[in-house]
Amino acid sequence: MKGMKKSLTEEYLYLDFSHQTEGCIFPLHTSVTLFLLSYCDCKIFKVCLVLTKESRNSSLLRDVLSQDIKIQIISRQELPPIVQNCCLPAVVEQPDNFCRAGLAVVLRHIIQKSSEGDPSKKGILELLGFKKTCLKACAEVSQWTRLCELTIPLVIENFLRESSKQAPAIPVEILQLEKKLSEPVRVHNDDKLRRQKLKQQKAAGAGLPLTKGKAKSKVPTKETSEDVDSSPKSLELKVAFSKLTVQEKAATTHREPSHIRKAKASDLPPLEHVFAEGLYFTLTDLVLLPCIHHFLVIICEKFSEKLVEFPLLASWYQRIQEVPGVKAAASKCGIQFLHLPELLSPSNEQHPNLNDMPGGEEQNDPLFVGGPRPTMTKLMEKGIEVMFSPHPCPTWTLDWNGLPAAVSPKEGKMSIDRALRKQQQLNNLVYVVTNQAKPGDRIVDFCSGGGHVGIVLAHMLPSCQVTLIENKELSLIRAKKRSDELGLNNICFIQANMEYFTGMFNIGVALHACGVATDMVIERCVRMRASFVTCPCCYGFIQNTSKFSFPKSEQFKKTLSYKEHMILCRFADQTAVQLPPQQRLIGMCSRGAAAERLVCGTLGRVDQVCLGDLSTRSPLIWPGAVAHACNPSILGGRGGRIAQGQEFETSLSNSETPSLL
C-alpha cells in the first residue's frame, strides 16, 4: 500500500535552463528554485532542466548544482502537454493533468511538500509567514509579489548581461527594494513590540540595566549578541532570530512600566526591517538572496563605488547569511558569499530615479464633483443611456436533476440557496458556450475556483478539451476531486496566475473573476482572437494596476476622470434591490457603465451591450449579476476583428432587459 501511495504522489519539477556562468544558473528563477530545494533539503521531486533555444554547454552544470539533487536534462519537446502550455518553473503530479506553474506557486508547493515529508522540520512551514500568505497574492494585482517574483529576477538578469559590455545604471527595482527596507515594519503585534523598543531605548539612554526577561532571549550570532543594549536594532534582531532557534526556556513575560503602557501610539518608535518582509525570515528572503548575491558580485567587482547607494540591502545581505541553514544551502549551490564593508545609514533623500516611477492614482482634480449622480449625468450628456432588449436565455436549459451529483455546484461546499443561484448563473453561461463551441475546441475556465463552470462544460461537451486555471490550491484540488468522481478525461487543472498560461484556446470563460481579473480575461481572449463569456463581480476592487489604467475606453476617457470612474465602480457594486426606488435607475446605469468599461475598453467600438433588469424580482432572479459574451465568428469567422459584445443578466427571467448603447 505504501508503494502504491508513493507512485500516485510522484511529482516532476521542470525548470528552464539557458546557460550558467560564474556559479549562476540562468534564468534566475531556476537558481532560486534549486536554492530553496537545498535549503529545505527536499528530495521529493524529480527535477528536469529544460533546454531553451539559448541553451549552451551543460557539461559544467555539476559545479553549480547541489550534489544531493538528481537532475535530468530534457528538451522542450519532451515536456508533458499540460506543461507546454505554461511558463516554467512548473510541477506536475502523475497522471499529467494537474500542473502548478509560476515561481511563487511552485516555491510555496515545495515548502508544503517538504513540511509534509518531514514534519520534524517545523521551521520550513514558517517560511510562508503570518497566516501562510507570503507571496500568495497574484503578481497581477500585488506590487510586492510582482517585484519579488518577476521584476527583480528579470532586471538583474539584464543587468548581468549588460555589465559585460558597459557600466549599466542601477535598476530602479533595486532602489525600490532599498526604499522598502527603509519603511517602518507593520506586524500583527507591532504595538507590543514598539512599546518594548521604547522601554529599551529609555533604559539605554538612562544607562539602566534591562529587565531579566530581555536577557533570557537567545540570539544565535555574534553580530546580534554583541552591544545588545546599545544597538537601536537589538530588539528587532532578538525577535527575528528567536524564531529561528530552539529556546531552552521561554522568556518570562513582565508587565511594562506605567509610562510605557500609557505612551501614545504616535510616540512609539517604529520597527525596522531585519528581513525583506519585516522582522521574520520568509520565503521572500530565499527568493531574493540568489538574485541579490549575483547582483552584488558584479557591483563589487566592477562598480564598487555604487555600493553606497543601497546600504540597507547590503546589511540585509550580510544578516541573512547568519540564518541557520542558509550558508549550507549556498555552499551546495556554488554560492560563495561576499564580505561587504560596513556602510553608513542612508539619508532620507529619495533617489532621483525613483521620482520617475509612475504613480497609482490621479492627483487633485479641480473638476471632480463626486457622487454617482453627477457622474451618470456626465455619461448621459455624452449619449450613454439605457435601452431595453430581450433576455438571450429566458428559460432553464440544463436539467440539473438529470445530471450526476458531482456536476452540481452543491458538491462545491456551498449552501442550498447559494447553490441554486449558482445553477442559474451556470445555466446562462453554459447556454452561450455550448452555442459557440465546436468539436475539438479548447475551452479555458479562467479563475475557475472550485470548477463550477469548467466541470459542467467538460461533462456537457465531451468532444472539447477544458482547462481550469486557478491560483488558489484548495479550490482547484476540490475541483479535481469532483472531476475524478465523474471520470472526466477531457479536463485538466493548472494552479497558476493567468500570465503563466501560454496555451492556445478557442473559448475563454470566467464566472465572477473579481475586479481587474475580468479585464485580464477579456484582454487575453481578444489577444488570442477567441470567443469569451465572462460574468464580472467586485467592481469596487477595480483600480489601476501594472497592466491596466482606467477608464479604458476612449469614450469614457473623454468623459470621466479616474476618480469619477472609481465612484462609478464602487456604486456599481450595489444591486438595485438595495436602493430606494428613486435610485434604482442610477444603480442600473452604474452597472451598465462599469460593464461598458469591461467590453469597450478592450474591444474598441461595441455595437451593443445588454444589462439585466435589476428592478424586478421573481423566484428565479438573482439581482445584480451581468455577463459579457462575444464571438468573433459574427464578423468573418474566428480570427476576424471582434467588434461586438453582449451583456446579460445571469438570472432567469422573462422580463425585458436594458442595453447600454
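Let us look at the structure shown here. All of these numbers come straight from a predicted model, not from anything done at the bench.

With respect to the helices, strands and loops of the structure, E149 is situated in helix α6 (residues 143-163). One buried charged residue, E149, forms no salt bridge at all, with the nearest opposite charge on R146 at 7.4 Å. With sequence-adjacent residues up to four places away left out, E149 is seen in contact with H29, G102, L103, A104, A139, N497 and Y500.

For the rest of this paragraph, the subject is the pairing of strand β4 (residues 46-51). Note that strand β1 (residues 11-17) and β4 share six bridges and pair parallel. Across the sheet, residue F17 finds its bridge partner in β4, namely L51. Here β4 pairs with strand β5 (residues 71-75) via five bridges, running parallel. Note on β5: the bridge partner recorded for L49 is I73.

With that settled, the discussion passes to the pattern of salt bridges. Taken as a whole and judged by the stated rule, the model has ten salt bridges. With its nearest N and O atoms 2.8 Å apart, the salt bridge here joins R100 to E473. One end of the pair, R100, is in strand β7 (residues 98-101); the other, E473, is in helix α19 (residues 473-486), with 373 residues separating them in the sequence. Looking at R100, the relative accessible area reads 3%, which means it is buried. The exposure class assigned to E473 is buried, which follows from its relative accessible area of 17%.

On to the packing of aromatic side chains, then. Remark: the centre distance and the inter-plane angle together describe each pair of aromatic rings, the angle taken between the planes. Applying the stated criterion across every chain, the model contains eleven aromatic pairs. A ring pair is formed by Y12 and Y14, whose centres lie 6.3 Å apart and whose planes are at 20°; its orientation type is stacked. Pair check on accessibility: Y12 and Y14 agree, each one buried. Seen in terms of ring centroids, F446 and F501 are 6.4 Å apart; in terms of plane orientation they differ by 80°. Their pairing is edge-to-face.

Below, the discussion takes up the nonpolar core. With 128 residues, the main nonpolar core has Y14, Y39, I156, W316 and F446 as its most contacted residues. Looking at which element gives the most residues to this core, the answer is helix α13 (residues 283-302), with twelve residues. Ignoring anything within four residues of it in the chain, the contact list for F446 reads I469, M498, F501, F505, G508, V509, A510, V521, R524 and C525. Counting 31 residues, the second largest nonpolar core, distinct from the first, contains V432, L457, I491 and F493.

To continue, consider the environment of S18. Along the chain, S18 falls in the loop between β1 and β2 (19-21). Judged by its relative accessible area of 10%, S18 falls in the buried class. Residues S18 and V50, 32 residues apart in the sequence, show an inter-C-alpha distance of 8.4 Å.

Conventions adopted
Each chain carries its own residue numbering, running from 1 in the written order of its sequence. Reporting of local features is limited, given that this is a predicted model, to residues whose pLDDT is at least 70; pairs of side-chain atoms are given and counted only at 80 or more, and all residues count toward the totals for whole chains, interfaces and linings. Computation of side-chain values covers all heavy atoms of the structure but excludes hydrogens and water. By the criteria applied, helices consist of DSSP H or I runs no shorter than four residues and strands consist of E runs no shorter than two, each listed in order from the N terminus. Burial classes follow relative accessibility: with a 1.4 Å probe on protein chains only, a residue under 20% of its type's maximum area counts as buried, one over 50% as exposed, and anything between as partly exposed. The charge count includes Lys and Arg as positive and Asp and Glu as negative, but it does not include His or the ends of the chains. In the sections that follow, a salt bridge refers to a side-chain nitrogen of Lys or Arg positioned within 4 Å of a carboxyl oxygen of Asp or Glu. We call two residues in contact whenever any of their non-hydrogen atoms come within 4.5 Å of each other. Pairing between strands requires that DSSP locate at least two bridges from one strand to the other. Here a Phe, Tyr or Trp ring, Trp counted by its six-membered ring, pairs with any other such ring whose centre lies within 6.5 Å, and the pair is stacked when the planes are under 30 degrees apart, edge-to-face when over 60, and tilted otherwise. Put simply, buried Ala, Val, Leu, Ile, Met, Phe, Trp, Tyr and Cys residues joined by side-chain atoms within 4.5 Å make one nonpolar core.

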